[in-house]
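This is what each chain is made of:
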Amino acid sequence: MRKMLLKNAFVHDGLGHAAKQDVLVEDGEIKQVADSLPGEGEDLSGCHLLPGFIDTLSYWGINGSMTEIRPSSEDNDERSDPVTPELNVAYAFNGRACTVQQLPAFGITAAMVTPTDNNVFGGQMGVYTTHGVNPFKMCLKEKAGMKASVSKEVKAAYGKRDVAPLTRMKIFQLLSDNLRKAAEYDPSKEGVARDEKLAALHQVTEGMMPLWITCDSAEDRQRVMEIVAPYDRVRVVFTAAYGLDESDAELPADKAAMIDGFTGMDCDPRAYGKRYDVLHKMLDKGIPVALSGMSAGAYGRECLLWEGMEMLKEMEDKEQVLRLMTSDAAKVLGVDDVTGSIVPGKRADLVIWSENPLASFQAKVLRTLIAGETVYQEGDEMKCYI
């Protein structure tokens, strides 16, 4: 039995609470959290213990710079057909290419890996740990969401080839028609042939897989909600938070969530003047919100934390912002039963910081554990791959 006792740390549990506590880890799992636990352990006095950050929307392990193991592969970008829901990002994810980015050195222990925004339906997403080699052993949840898009990227991908969809009319028609066909699809009926596209989308219309969709504006999010309205079981996760306005705070909390992506290095005008006040209103109305670095390639590994800092300017509550990067993120991804908070029964995905990273730019990652195993500690060689 592998046992570890971390004592006297200032524990931020990822659920909104923080206090000086001890944490007992056994066989990669958090066993006890208490003000004082018996026995000798590692003294973390003055240190802050946080759950690992979760990057809720990323291309880690797939796309990257020319110095990576598999450079600029773009194996999550199938542009032969704008409707490819049967594809699975598991077959594009490279464990070594993700690990080489040293994400644990920046406090990130898990990430949702996704197809691109270039297809109306791009394929199935997956949640992975950020250190390892075997992608199937690194997978926390396969088929965690269906990636979709009605954004300008779809027109850019197909318009330059003069093939459909060339217009917003066609993009939304493809979205609507394919969901309708999927809802009606029943291969058990006589004469109905197996259709892998509809079988994959049927999991969305039956509520087995949420629809993650990128929109350019609040108006487009309203259009999407109208399209999914006939399907009671469909749950939508909007990505990137482009063009936020007051109407987004009226989204139904039981059917919609929002992923706020980092856009600080993006020259895309959709990212200008982001309404963090609207995100705050959404939270106040019970609409799930989580943060993302939207990271890979030229984007930095610090992006998720930077977005947390921007959100902190609006919310002024460090523990609640931390939730958006940990437990709330895990809940939106459907892995909150496994990770995202420091409570007994969860995996020991833990990061020891010198200071609270949401309170000080001087904060350093001293050690990162994934399932109780140290995957980074201060002093390890740091490399720049992005």
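Scroll up to find the structure this text is about.
Each chain carries its own residue numbering, running from 1 in the written order of its sequence. Since the coordinates come from a predicted model, pLDDT governs what is reported: local features require at least 70, and pairs of side-chain atoms require 80 or more to be given and counted, while whole-chain, interface and lining totals use all residues. Values shown for side chains rest on all heavy atoms present in the structure; no hydrogens or waters enter the calculation.

## Comments concerning the sheet that holds strand β10 (residues 211–214)
Two strands qualify as a pair provided DSSP detects at least 2 bridges between them. In this description a helix means any DSSP run of H or I spanning at least four residues, a strand means any run of E spanning at least two, and both kinds are numbered starting from the N terminus. Spatial strand order, β6-β7-β8-β9-β10-β11-β12-β13: eight strands in an open sheet with mixed pairing. On the outer flanks of this sheet lie β6 (53–58) and β13 (289–292), each paired with one strand and no other. Strand after strand, the sheet turns through a mean of 25° between neighbouring axes, direction not considered. As paired strands, strand β11 (residues 236–239) and strand β12 (residues 256–261) are joined by four bridges and run parallel to one another. Note on β12: the bridge partner recorded for Val236 is Ala256. Taken strand by strand, helix α7 (residues 276–284) contacts β12 and β13, and its axis lies near 145° from that of β12. Where helix α9 (residues 318–325) meets the sheet, its contacts fall on β6 and β13, and the angle it forms with β13 comes to roughly 75°. Lines are fitted to the C-alpha atoms to define the axes, a helix being fitted only along its stretch in contact, and any angle between axes, read from their N-to-C directions, falls within 0 to 180 degrees. We call two residues contacting when some pair of their heavy atoms lies within 4.5 Å.

## Digging into the packing of helix α4 (residues 168–184) against helix α5 (residues 196–205)
Axis separation between α4 and α5 bottoms out at 8 Å; the angle between their running directions is 85°. The orientation of α4 with respect to α5, classified from their angle, is roughly perpendicular. Of the residues in α5, those touching α4 at Asn178, Leu179, Lys181, Ala182 and Ala183 are Leu198, Leu201, His202, Val204 and Thr205. The residue inventory of the contact of α4 with α5, partitioned by class, reads six nonpolar, three polar and one charged. Here the angle decides the label: under 35 degrees means roughly parallel, over 145 means roughly antiparallel, 65 to 115 means roughly perpendicular, and every other value means oblique. Classification used: nonpolar for Ala, Val, Leu, Ile, Met, Phe, Trp, Tyr, Cys and Pro, charged for Asp, Glu, Lys and Arg, polar for all others including Gly.

## Observations regarding the side chain of Gln102
Secondary-structure assignment places Gln102 in the loop between α1 (95–99) and β7 (108–113). For Gln102, the side chain forms a polar contact with the main-chain oxygen of Glu381, separated by 2.8 Å. In the analysis that follows, any N or O atom pair within 3.5 Å is treated as a polar contact, provided that within protein one partner can donate a hydrogen and the other can accept it, and provided that, for residues neighboring in sequence, both atoms belong to side chains.

## Some thoughts on α4
With 17 residues, α4 ought to run about 24 Å at 1.5 Å a step, and its terminal C-alpha atoms sit 25 Å apart, in line with that. Check the buried side of α4 and you find it contacts β8 (121–129), β9 (139–149), α3 (152–159), α5, β10 and α6 (218–228). For a helix, the expected span equals 1.5 Å multiplied by the residue count minus one.

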